[in-house]
Amino acid sequence: MKPLTRERLTGLAFLVPTMILFFTFVVYPIFYNLQASTLDWDGVNQGTFVGFDNYAELFGDPIFLTTLRNSAFWIVLTIIPQTVIGFLLAVALNQKLRGSTVYRALFFIPAILSPVVVGIVWQSILDPFSGVLAQVGRATGLTFLAGDYLTSPDTAIFAVIFVNVWMWTGFSMLFYLAGLQLIDPSLTEAARMDGANGVQTMARITFPLLKNTTLSLVLLGVIGSLKTFELVYVLTQGGPNHASEMLPTFAFQEAFQLQNVGYASAISVVLLVIAIVSSLSMVRVFGSGFITGDEK
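The rules we used
- Residues numbered from 1 in each chain as written.
- Predicted model: local features only at pLDDT ≥ 70, side-chain atom pairs only at ≥ 80, totals over all residues.
- Heavy atoms only, no water.
- Salt bridge = Lys/Arg side-chain N within 4 Å of Asp/Glu carboxyl O.
- Helix = DSSP H or I, 4+ residues; strand = E, 2+ residues; numbered from the N terminus.
- Buried < 20%, exposed > 50% of the residue type's maximum accessible area, 1.4 Å probe, protein only.
- Phe/Tyr/Trp six-rings, centres within 6.5 Å; stacked < 30°, edge-to-face > 60°.
- Expected span 1.5 Å × (residues − 1).
- Bend = angle between axes of the 7 residues up to and from the residue.
- Arc of directions from axis to C-beta.
- Contact = heavy atoms within 4.5 Å.
- Core = buried A, V, L, I, M, F, W, Y, C linked by side-chain atoms within 4.5 Å.
- Axes fitted to C-alpha atoms, helices over the stretch in contact; angles between N-to-C directions.
- Left-handed = near helix turned anticlockwise from the far one by under 90°.
- Nonpolar A, V, L, I, M, F, W, Y, C, P; charged D, E, K, R; others polar.

J.: Account for the pattern of salt bridges, naming residues and giving values.
T.: In the structure shown here, the tally under the stated rule is one salt bridge. Between Arg 192 and Glu 189 there is a salt bridge, and its shortest N-O distance comes to 3.8 Å. Taken together, the residues span about one helical turn, with Arg 192 and Glu 189 both in helix H8 (residues 185-193) at a distance of three residues. Taking relative accessible area as the criterion, Arg 192 reaches 47% and is therefore assigned partly exposed. A relative accessible area of 42% places Glu 189 in the partly exposed class.

J.: Hey, could you go over the packing of aromatic side chains for me, with residue numbers and the actual values?
T.: Any aromatic ring pair is given by two values, namely how distant the centres are and how the planes are angled relative to each other. Under the criterion given, the structure shown has 17 aromatic pairs. Where Phe 22 meets Phe 23, the ring centres are 5.8 Å apart and the plane angle is 85°; that geometry is what we call edge-to-face. When the centroid spacing of 4.9 Å and the interplanar angle of 40° are considered together, the rings of Phe 171 and Phe 175 count as tilted. Of this pair, Phe 171 and Phe 175 both sit in helix H7 (residues 156-180), separated by four residues, roughly a single helical turn. Residue class for Phe 171 comes out partly exposed when judged on its relative accessible area of 27%. Three or more aromatic residues link up through ring pairs in this structure, and these residues are Phe 229, Tyr 233, Phe 252 and Phe 256.

J.: Can you lay out H7 for me, pointing to particular residues and giving the numbers?
T.: Its 25 residues place the ends of H7 36 Å apart at the C-alpha level, agreeing with the 36 Å of an ideal helix rising 1.5 Å per residue. At Trp 168, H7 shows its maximal kink, close to 40°.

J.: Requested: an account of helix H5 (residues 115-125), with residues and values cited.
T.: Taken together, the buried positions of H5 are occupied by Val 118, Gly 119 and Trp 122. Each buried residue of H5 lies within a common arc of 100° when the element is viewed along its axis, so the set occupies one face. Residues of H5 that are buried sit in contact with helix H4 (100-112), H7 and helix H11 (230-235).

J.: Report on the nonpolar core, specifying residues and quantitative values.
T.: Core analysis: the largest hydrophobic core is formed by 18 residues, its most contacted members being Leu 58, Phe 64, Phe 250 and Ile 267. Contributing elements (two or more residues each) for this core: helix H2 (53-59), helix H3 (62-93), helix H10 (211-226), helix H12 (247-257) and helix H13 (261-286). Top element by residues in this core is H13. It accounts for eight residues. Those residues in contact with Ile 267 that sit more than four places away from it in its chain are Leu 58, Leu 247, Phe 250, Ala 251 and Glu 254.

J.: So what's going on with the packing of H3 against H10? Residues and values would help.
T.: Put simply, H3 and H10 touch, their axes get as near as 10 Å, and they point 145° apart. Two packed elements cross with a definite hand, and for H3 against H10 that hand is right-handed. Here Trp 74, Ile 75, Ile 79 and Thr 83 of H3 come into contact with H10, specifically with Thr 214, Val 218, Gly 221, Val 222 and Ser 225. The class makeup of the residues in the contact of H3 with H10 is five nonpolar, four polar and no charged.

J.: Tell me about the environment of Asn 45, residues and numbers included.
T.: With respect to the helices, strands and loops of the structure, Asn 45 is situated in the loop between strand S1 (39-40) and strand S2 (48-49). Judged by its relative accessible area of 49%, Asn 45 is partly exposed. Between the C-alpha atom of Asn 45 and that of Pro 110, which follows or precedes it by 65 residues, the distance is 43 Å.

J.: Could you give me a rundown of the side chain of Ser 265, with the residues and numbers involved?
T.: Summarising the element assignment, Ser 265 is placed in helix H13. If we skip the residues at most four places from it in the chain, Ser 265 touches Asn 33, Ala 36 and Ser 37.

This is the structure in structure tokens:
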């Protein structure tokens, strides 16, 4: 063992507060949640140990299966549009455009707004009776704009996904913009001198060089999709009839509305496992270098 020098002791002293906070607010809640998931417990009275019964009930619950389907929709229909639109916006704003700084700020503003505020605003916009879209639809004859998108089981999850894409596309744009500014301009200039047009240069030079940025956004998108709560709860509360239910809203409903804390804990444990497995799988498939920006 290395001797505990003054420098090492100083470093450990700085680490101690962080480790205390980490074990108090991360490690302990995880183990507490694991223990609670084995109980039939309402969160107030003494719980009854039921082993893995909560998990057995969960995997046979049609609402849980619906949340998994919605999570799959959310991941695919959020990450792909945000990636494509964010990349195209970044390419456009990376040019020497007049007022590009203003446009960057405008596109990024939704990402810094509270999801609760965004949900309230879009709830008003999508209101089929007095919403902005409904009024525009009636004025222009485009009656489909006055649809009950948030209250229809067929469209609720997709309406919330649309709002989420609107909110976070600016975040993807900012990531890509930072990556574009690190690319050596001589590479794209050489491609143009070799006869490549703008689309070919973008597809074969620019986008491949942003591989690490793309994969980082995908990882963040998967994790964000699994833990999304505020936007869904404000817009639809997981309804109608659980059509837009996600794992966090399902756990919240079971814990705080139905007082089925043991069952909600099992949902949270499954959510944690899915998030960890997804993250580790991506790191294993694509290599850990995409997080730090190092190619393997």
